2 protein chains.
Amino acid sequence: MNTDKTMIEHLTEEYELITEGLKQFGLTEYQAKSYIALVAHGVADAETIASTANLPRTSVYKSLDSLHEMGYIAVSKGWPRIYRPAEPLEVKGRLIRQLEEVFGRLNIIYQVLSEKGEPQVIYTIHGSEKVLGKIREMVRKTQEEFVISTPEFTHILNQLEHDLQSALMRGVEITIITAPGEKVLEHASVERRDGLIATDIISDKKRALLASPGLEACGYTNNPSLASHLINFMVYLMREG
Amino acid sequence: MNTDKTMIEHLTEEYELITEGLKQFGLTEYQAKSYIALVAHGVADAETIASTANLPRTSVYKSLDSLHEMGYIAVSKGWPRIYRPAEPLEVKGRLIRQLEEVFGRLNIIYQVLSEKGEPQVIYTIHGSEKVLGKIREMVRKTQEEFVISTPEFTHILNQLEHDLQSALMRGVEITIITAPGEKVLEHASVERRDGLIATDIISDKKRALLASPGLEACGYTNNPSLASHLINFMVYLMREG
DNA sequence: TATTTTGTAGCTGCTCGAGCTAAAATGAAC
DNA sequence: GTTCATTTTAGCTCGAGCAGCTACAAAATA
C-alpha cells in the first residue's frame, strides 16, 4: 500500500495539470482554480469555491466576475449569488473557434507567400525619410505602369521630381490620384478626389506600398500574388466609392 | 477614393486582430508580433523581424528564442541565424490537442458529477483540526462499513476513540490498514503495512476522504459515483502493490 | 587591425495579478 | 427598528514578468 501516495498525488497532479492547461489558454491562476472548483461542484456560492480551491474569499468574487464576462460561468441573481459553470465542451468549442479564426488568418498570409516561396516579401518601414526612399526605389524599378494615390502629391513631387521625370522619359505610364490643388506632373493621367487620407502605390502590378498619412510608416511588398490581391481590393473599393 | 484609409486600416486591423488572438493563447506581445512577421516573410533573420514588426532588435532575439522553445518556429545553425515559422496549421493542431486534453479531463469531472446533479459534492478542507472534524463526521455517519488506511492511526485513535467505539457498538465493520507499531482498535480487522504516506478513508462505499500527510489538507466527496470511482482506483492499486 | 554586423547580458520601469484589509450592502434575528 | 452575521465591493501593497533600453561580447568582413 505504498501506492497510497500515488492516489492523492494522482488527483493533485490532475488538478495542477488542468490548472496549468487553462492558464495556457488565457486564464489567470485564480480564474483557473475557481473554474475547476466550480465544475467539480456543479453549483456553488463564492464561499464554497474559496474554501474548495483554497483561495482568499474576497478574491474569488473577482475571478468569478471575470469568468462570467468571459462566458465560462453563469451567475444567478439571488442573494447570495449562486454560480454554475458553462459546460466544458461548450467552452472548448468557443476556444477552438477562436483558434480557427486566428490561425485561419495567419494561414492565408502563409499560403499567399509560400506559393512562390519567395523570401523577404513584406517590409514595414518607419520614418518618413525611409518611406520616401522606398518610394524612390519603386519609381526607379518601374518599367511600365505606376499608379499613385495620395493626398499630398506636391510633397512627394518635390522630393522625387527627377526620378518621376526620368520614368516618364523611358515610357512609364503614370497615373496620379490626388486632391484638388495639389501640383502634378505633365504627361501623366491625373484624377482629382477629395477625402484622400493614406498613400497607396502600385508599380507594374507586382509591387505595392501602403503608407500612413504623413508617410510615417508603410507596408511594402514585391510579391506579385500579394500585390495583385491588394490591387483587387483597391479596385473593388474604387467601384464602391 | 476616401476608402483609401479603409484599406490600410484593414491590414492594420487584421494585424492587430491576429496579435490579440495569439496573446489569448499564451504568447506575449513581442512573441505574437515576431511570429506574425516571420510568417509574413517565410524566412528571415532577426534584423528583418525587428524592423518589420517595429520591435527593438535585441528584444527580438528573446522572443524568437522562446518561440523556438515553444515549437512555433525553427532556427538554422548558420551565422547569422535564419528563422522559419512552423506551419500555422501545425501549430493550430498542437494547440487544439492541448485543448482536447484539458477540457477532456474537465469534462470527466463534469460528467461524473452531473450524472446525479448533486450539488456540493466535493470539499477541500485545510488545517488538521478541520480535517479531523471531517473524519469524525464521517465516522458518525457510517452505518455499515468503514475502511481507513493511514500511517498514523494512533493519532487519529487518540482523537476519535469514543466515536470509533460507538461505531463498533452499533455494528459497523471497521478495517484498519496502518503501520506496524501503531495502536489499533479491538474488534476491528487490522492489516499492517510499511510505506504508508497519505490517509484514505472510505465509508459505506459512498463517502471518500483523501488526506495529505499530517492531515494538513484533504479532499472529501459524498458523491456515490465519484466515491466508487476512487474505490476502484484504490483496489486497483492494492492489487498492484 | 579596424569596422560593421550579429548576438548576449542585464538593467529600469511598468503592468497586472496575488493576497490582503476595511467597509459597505443585504438579509436575518430579536 | 436595531443589531448582528453574512455576502459583496473597493482599494491597497507587493512581487513576477514583460517592454524597452544600454552596454558589451563574438563573429565576420575589409
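The text that follows walks through the structure, step by step, so that each part is easy to find. Residue numbers run consecutively from 1 along every chain, following the written order of its sequence. Labels follow written order: the first chain is A, the first ligand is 1, and so on. Note on the predicted model: pLDDT of at least 70 is required for a residue's local features to be given, and 80 or more for side-chain atom pairs to be given and counted; whole-chain, interface and lining totals, by contrast, use all residues.

Below, the discussion takes up the overall build of chain A. Tallying secondary structure elements over chain A gives eight helices and nine strands in all. By the burial criterion, 36% of the 241 residues in chain A qualify as buried. Here, residue contact means that the backbone-derived C-beta atoms of the two residues sit within 7 Å. The contacts in chain A between residues at least 6 apart in sequence include a share of 50% that link residues at least 24 apart. Only DSSP runs of H or I covering at least 4 residues are called helices, and only runs of E covering at least 2 are called strands; the numbering of each starts at the N terminus. For every residue, the other C-beta atoms within 10 Å of its own C-beta are counted; 20 or more classify it as buried, 12 or fewer as exposed, and values in between as partly exposed. C-beta atoms are placed from the backbone.

On to the protein's contact with DNA strand C. Residues in contact with DNA strand C amount to 15 residues; listed here are only the nearest, Glu29(A), Thr58(A), Thr58(B), Pro80(B) and Arg81(B). Secondary-structure elements contributing two or more residues to the surface near DNA strand C are α2 (29-41) and α4 (57-69) of chain A together with α3 (46-53) and α4 (57-69) of chain B. Classification convention: Asp, Glu, Lys, Arg as charged; Ala, Val, Leu, Ile, Met, Phe, Trp, Tyr, Cys, Pro as nonpolar; all other residues, Gly among them, as polar. Residues of the surface near DNA strand C, tallied by class, amount to seven nonpolar, four polar and four charged. Each residue gets a C-beta atom placed from its backbone. If that atom is within 6 Å of a molecule or strand, the residue is near it.

Moving on: the protein's contact with DNA strand D. Neighbouring residues of DNA strand D: 16 residues in total, closest Pro80(A), Arg81(A), Thr28(B), Glu29(B) and Thr58(B). Listing elements by their share of the surface near DNA strand D, those giving two or more residues are α3 (46-53) and α4 of chain A together with α2 (29-41) and α4 of chain B. For the surface near DNA strand D, the leading source of residues is α4(A), giving three residues. Here the surface near DNA strand D is built from residues that sort into seven nonpolar, four polar and five charged.

Put simply, a nonpolar core is buried Ala, Val, Leu, Ile, Met, Phe, Trp, Tyr and Cys residues tied into one set by C-beta atoms within 7 Å. If you look at the biggest cluster of nonpolar residues, it comprises 58 residues, and the most contacted ones within it are Tyr35(A), Ile36(A), Ile49(A), Tyr35(B), Ile36(B) and Ile49(B). Apart from residues no more than four positions distant in its own chain, Ile49(B) is found in contact with Ser34(B), Ala37(B), Leu38(B), Ala44(B), Val60(B) and Leu64(B).

A separate point is the pairing of strand β5 (residues 173-178) of chain B. All names here are of chain B. Sheet topology note: the strand β4 (residues 145-149)/β5 ladder contains five bridges and is parallel. By the bridge assignment, isoleucine 148 is partnered in β5 with isoleucine 176. Crossover handedness is defined here as right-handed if the route from the first strand over the helix to the second strand goes clockwise, with the strands pointing away from the viewer. For the crossover from β4 across helix α7 (residues 153-169) to β5, the handedness is right-handed. Here, strands pair whenever DSSP counts at least two bridges between them. Pairing of β5 with strand β6 (residues 189-192) involves four bridges; the strand directions are parallel. Across the sheet, the residue bridging to threonine 175 is serine 189, located in β6.

Here we come to the environment of Glu182(A). Residue and element names in this part refer to chain A. Relative to the helices and strands, glutamate 182 resides in the loop between β5 (173-178) and β6 (189-192). Judged by the 18 C-beta atoms lying within 10 Å of it, glutamate 182 falls in the partly exposed class. Residues glutamate 182 and threonine 28, spaced 154 residues apart in sequence, show a C-alpha to C-alpha distance of 55 Å. If near-sequence neighbours (up to four positions away) are discounted, glutamate 182 is found in contact with Phe153 and Thr154.

On to α3(B), then. Of all eight residues that make up α3(B), six are buried, and the element is covered over most of its length. Backbone geometry just downstream of α3(B) places Asn54(B) in the positive-phi region, at approximately 60°.

With that settled, consider α4(B). All names here are of chain B. For α4, spanning 13 residues, the distance from its first C-alpha to its last is 19 Å, which sits close to the expected 18 Å at 1.5 Å a residue. Where α4 is concerned, the buried positions are Val60, Ser63, Leu64 and Leu67. Mapping the buried residues of α4 onto a view down its axis gives an arc of 100°, with all of them on the same face. Summarising the geometry of α4, the exposed residues directed more than 90 degrees from the buried face are Thr58 and Glu69. Downstream of α4 by one or two residues, glycine 71 has phi in the positive range, about 80°. By definition here, a helix of n residues has an expected span of 1.5 Å times n minus one. The arc refers to the directions leading from the helix axis to the C-beta atoms.

From the geometry alone we can't say anything about function, so treat these as descriptive.
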